[in-house]
Amino acid sequence: MQNKGLIKLFALLFGLVSIYQLSYTFVTSKVEKESTVFAANQVPESEENYITEREQVAMRYLDSIGDNSVLGYTTYNEAKQKELNKGLDLKGGINVTLQISVKDILKGLANNTKNPVFNKALSDADIAAKNSDDTYLDLFFEAFDNIKGDTKLASPDIFATKSLVDANEINTQMSDDEVKPIIRTKIDESIVSAFEVLRERIDGFGVTQPNIQREGNSGRILVELPGARDIARAQELLSSTAQLEFWETYKQSNPSFSTFLIQANEKLKEIVEVERPEPIKEETELDSLLSDVAADSLDLATQVNPLYELLIPANPGSNAMFRAAVKDTATIGSYLRMPEIRRLLPADIQFTKFLWQRPATKDAEVIDLYALKSNREGTPRMSGDVVSDARAEFDQFNDPVVTMTMNSAGSKQWQKLTSDANINQTGIAVVLDNKVYTAPGCSVVGGITGGRTEISGNFTINETKDIANVLRAGKLPARAEIIQSEIVGPSLGQEAIDSGFMSFLIAMAIVLLWMIAYYGKAGAFADIALLLNILLIFGVLTSLNAVLTLPGIAGIVLTIGMSVDANVLIFERIKEELAKGKGKSQAVADGFGNALSSILDANITTGLTAIILFIFGSGPIKGFATTLLIGIITSLFTAIFITRLLVDWYLEGKGRSLDFSTSLTKNLFKNINIDFLIKRKIAYVISGILVAVGLFSLFFGPGLQQGVDFVGGRSYTVRFEQPVNPSEIASELNTVFGSGTNVKTYGESNQVKITTPYKVDVEGIEVDTEIQDKLYTSLQKYLPDGFDKDAFVLGGVDEDAIGILQSVKVGPTIADDIKNNAFLAILGSLAVVFLYILLRFRRWQFSLGAVVAVFHDVLIVLGVFSIFGKLMPFNMEIDQAFIAAILTVIGYSLNDTVVVFDRIRETLAERGWKGGTNINFAINTTLSRTLNTSLTTLVVLLAIFIFGGESLRGFMFAMIVGVVVGTYSSVFIATPVMFDALSKKITSGKK
């Protein structure tokens, strides 16, 4: 081997760099363990909420020592930024895909026009978007073109608005084709703005190694917050549009409202049915307030009054109009929005905007209703655009508040607004995202000057930080709906780490021992190369700032199984050369040289499928593809170069012998002469029956169980203290959510996976909260006494955690996209590999055999999942992980087939056709390698299947079936199909 010195130097530097990169991970792990021990010593288990208290103590400890030197070359804070990134499934946290509303941006660009053609085009685009992969903007343009008539996009009441005309971007003389690219640019600018706003907010949220990225031009933004614990806070921060507004309120004593409420109450008697609530036994704040209503001078106790029975007089001196129970706010809001009720508003208050107070606490029973002075357009007196800075601070009473500073234009508007409030003795409502945070009056004659103001309102410290963060970063240009989310509790993440690394260690130990048992000293050299390979994989992952996920660990473990394939190919070739009577050095050189072609072909085909998976996959699946790609590259380097260096070094010593086998394996697979081709018709029949049964089950039987990735919906992994009956829970939840809710045991008998399509088309945190409330209420009897909703939703942090450990939401639109991407990924991988084999082997018959074998393998795996999907005691849903498994099966099947084809091509070139005799000879010579690699990989997959955790079992089961079937098909399907197609060409005289 040439340039041994250069290879040694490169390997040494590569290894040292990997160790250096991984050292940061060891530093953070060491310091965090010290913080855990410190917290445990400070907070005994006897204290209430000791787990939460320990977490806070540990965080303060890390903050205090964050900049101290560790081992003389780094600090904890620096190491934290450079450590190996763990994905959500290993660390816990939140992963969301946000859809920026292009519709909102279009309406904003058109200045909320009332133009009927414009608004009809928006409605048509809404309908088309449900069943189309085109962007919303393209659908809008298409809808507009279909109905526009003489209307132009550059009409003054559409996009030729004052702001766009003044900016010389659009004029009324432009054609639609001239306006469209300008609108595209404005949309893209708005999405970039939304991206920057979200990035600023996330930077202020306080999690380490957050990830935010745009997904092409779709208006989608992917956000990952690993380690985020306060999920509700994170969701609110991400989806909040941050529409800060300042309004003047109406006074309680305004007589027009008395008139309106009497008339509205009478009208509602005619159009709604009212049920009297059951009396509440316990005396609460709400009961006390309702008793005040009963004693009111109107004396309506003997009547049914839809509105008055729900409203409570506001506190004297408050700028609110009324108060109401939180549970009644939706009903009151629906009444006040009715057109027939709005028409009753007197002329002087006809544009009134009714808004509710933001609840001061989660358990608030009563909140205020404000009446805000508005106009025909519904615009506020002041917008939050004038805020130049915002900070979380403390007032003179040491209560958390938010202080704002306004620009010069805002300062003048603020002075005018506060002056009017002083003169009219009204309040100034500070409104953020349609919730009134506070509504103080102004006692300063002439108004507040300077533009600095303070927002207070029973805030927590985190709330003031978030409000200030949102205001400082700016408002989103449009709504950001969460169309896909995954939330993983920290306890489930730790379990995933434990199970993932357990499978990793077991699989590695099995492979290391097997290589020594089979190849003796040569196997030990392969083991050294394998250990270096693992070091390099983790080093490259850290250097690239890639994210390690649970499927990523599976990818590394699979790499361990597949990386020995190169060494097996090399060692088997060396054994063949030795059998020919060559000397050790010459046999080694020829063995490495002859095996190189097969090694490269096998790894390139697997790499091509991994690239397709990386392009079309997302989240954890992209992590799987990343580690697989890195593993392929590093395993090639270590197998070809490092093993060669070690073997050559050993053989250079005097009196050293290297047999590449042990006494048990020396004569294994020698002189085998099986006629595989004569059995091909039997194999065709067996495979035909298996494929037919699978297809029958797919189309006429149970079919595949599609996960939420493909159909949309929400799924929750819930753990209980005691074993539960999933059928019983499913029956109860179906009465709450309607039919379609599925419950099955997920892992242990005290853990279930709940999947529901309930309100799958409805976006917003409110729906998520509603479903969590319903789940908690329905499952409360299975939970310990006194187990509250917050604990249920958060799922706990210790190893005995119960409640919701993981939740996934996929909207119907993104579910369609995932399904389409999965289909394209499979077709793309088949097409790319077909072309590669065609170019490599120069005969389409080889490509045909390989692709038929791959289709055969995929159909059998799908059939197995269809037949046994509901019988197996683990999750066998078809989701993104399953597609990753299918693509890996394709790669593995092709890997095996290409190795066989390589030997067939070589044999035919040396010995000729001879009616297929030499094809049988070629298959027999590769049998040792085929079975060795397949059994090694299979053992590794079984280790992951048994020890790798529940979330990987379906994924690994597909892989196990695929490896077994793929090994069979490379010999009994791919080769016979190629032989039949090629023999027809030869016997017909065309070759």
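Residues numbered from 1 in each chain as written. Predicted model: local features only at pLDDT ≥ 70, side-chain atom pairs only at ≥ 80, totals over all residues. Heavy atoms only, no water.

**Topic: the pairing of strand E13 (residues 387-394)**
Along a regular strand, successive side chains alternate from one face of the sheet to the other. This is how it is decided: Strand pairing is defined by DSSP finding a minimum of two bridges between the two strands. Where helices and strands are cited, they refer to DSSP runs of H or I of at least four residues and of E of at least two residues respectively, numbered from the N terminus.
Relative to strand E14 (residues 400-406), E13 runs antiparallel, the two sharing 7 bridges. What sits directly across from Phe-394, in E14, is Pro-400. The antiparallel hairpin formed by E13 and E14 contains 5 residues in its connecting segment, where Asn-398 sits at a positive phi of about 65°.

**Examining the packing of helix H29 (residues 880-911) against helix H30 (residues 917-947)**
Threshold: Helix axes are fitted to C-alpha atoms over the stretch in contact, other axes to C-alpha atoms as well, and angles between N-to-C directions run from 0 to 180 degrees. Under this scheme an angle from 65 to 115 degrees is roughly perpendicular, one under 35 degrees roughly parallel, and one over 145 degrees roughly antiparallel; angles in between are oblique. Left-handed describes a crossing whose near helix is turned anticlockwise from the far helix through less than a right angle; right-handed describes the clockwise counterpart. By definition in these notes, contact holds between two residues if any of their heavy atoms fall within 4.5 Å.
Running from N to C, H29 and H30 cross one another at 155°; their axes reach a closest spacing of 9 Å. Put simply, H29 runs roughly antiparallel to H30. Our pair here, H29 against H30, has a crossing hand that is right-handed. Facing H29, whose interface residues are Tyr-892, Asn-895, Asp-896, Val-899, Val-900, Arg-903, Ile-904, Thr-907, Leu-908 and Arg-911, H30 presents Asn-918, Ile-919, Phe-921, Ala-922, Ile-923, Thr-925, Thr-926, Arg-929, Thr-930, Thr-933, Ser-934 and Thr-937.

**Some points on the environment of Ile-560**
What counts, and what does not: Only protein chains enter the accessibility calculation, which uses a 1.4 Å probe; a residue is then buried when its area is under 20% of its type maximum, exposed when over 50%, and partly exposed in between.
For Ile-560, the position within the fold is in helix H19 (residues 550-579). Overall, the relative accessible area of 1% leaves Ile-560 in the buried class. Note: C-alpha distance between Ile-560 and Gly-631 (71 residues apart in sequence) is 8.3 Å. Among residues more than four places away in sequence, those in contact with Ile-560 are Phe-504, Met-508, Val-511, Leu-530 and Ile-534.

**As for the sheet that holds E13**
Consider a sheet: its strands pair through backbone hydrogen bonds, and that pairing is either parallel or antiparallel. Taken in spatial order, the 3 strands of this open sheet run E13-E14-E17, and their pairing is antiparallel. The sheet is open, and its two edges are formed by E13 and strand E17 (452-455), each paired on a single side. Each adjacent strand pair in this sheet contributes to an overall mean axis angle of 25°, direction not counted.

**Some thoughts on the sheet that holds strand E7 (residues 244-248)**
Strand order in the open sheet made by the 4 strands is E12-E7-E15-E16, with antiparallel pairing throughout. The two strands at the open ends of the sheet, each matched to only one other strand, are strand E12 (382-383) and strand E16 (435-438). Contacting E7, E12 and strand E15 (428-432), helix H15 (residues 408-424) crosses the sheet at an angle of about 30° to E7.

**Things to note about unusual backbone geometry**
Its identity as a non-glycine residue notwithstanding, Asn-111 has a phi of 60°, on the positive side. Within the secondary structure, Asn-111 sits in the loop between helix H5 (102-109) and helix H6 (116-129). Under the relative-accessibility criterion, Asn-111 is labelled exposed at 59%. The backbone of Gln-425 sits at a positive phi, close to 55°, despite the residue not being glycine.

**Details of the nonpolar core**
Put simply, the rule reads: In this description, a nonpolar core means a group of buried Ala, Val, Leu, Ile, Met, Phe, Trp, Tyr and Cys residues linked to one another through side-chain atoms lying within 4.5 Å.
Membership of the largest hydrophobic core comes to 136 residues, with the highest contact counts inside it found for Phe-571, Ile-837, Phe-882 and Ile-890. Excluding anything up to four places from it in sequence, Phe-571 contacts Met-515, Tyr-519, Ala-522, Gly-523, Ala-526, Thr-643 and Phe-660. Core analysis: the next-biggest nonpolar cluster, separate from the first, contains 48 residues, Ile-100, Leu-122, Leu-137 and Phe-144 among them.

**Focus: the packing of H5 against helix H7 (residues 136-147)**
Threshold: Note on residue classes: Ala, Val, Leu, Ile, Met, Phe, Trp, Tyr, Cys and Pro are nonpolar, Asp, Glu, Lys and Arg are charged, and everything else, Gly too, is polar.
Interhelical geometry of H5 versus H7 gives an angle of 55° and a closest axis separation of 9 Å. Our classification of the angle between H5 and H7 gives oblique. Remark: the crossing between H5 and H7 carries right-handed chirality. Along the contact surface, H5 presents Val-102, Lys-103 and Leu-106, while H7 presents Tyr-136, Leu-137 and Phe-140. When its residues are assigned to classes, the contact of H5 with H7 shows 5 nonpolar, no polar and 1 charged.

**Things to note about the pattern of salt bridges**
Convention followed: Think of a salt bridge as a Lys or Arg side-chain nitrogen and an Asp or Glu carboxyl oxygen that are within 4 Å of each other.
Tallying each qualifying case throughout the model produces 33 salt bridges. In this structure, Glu-266 and Lys-269 form a salt bridge, with 3.2 Å as the shortest nitrogen-oxygen distance. Within this pair, Glu-266 and its partner Lys-269 are both found in helix H11 (residues 255-271), separated by 3 residues, close to a single helical turn. The shortest N-O distance in the salt bridge between Arg-903 and Glu-576 comes to 3.2 Å. Placement of the pair is Arg-903 in helix H29 and Glu-576 in helix H19, with a sequence separation of 327 residues. By relative accessible area, Arg-903 is classed as buried at 9%. Glu-576 sits in the partly exposed class, given a relative accessible area of 24%. Through salt bridges with shared partners, one network takes in Glu-248, Lys-373, Arg-381, Lys-416 and Asp-420.

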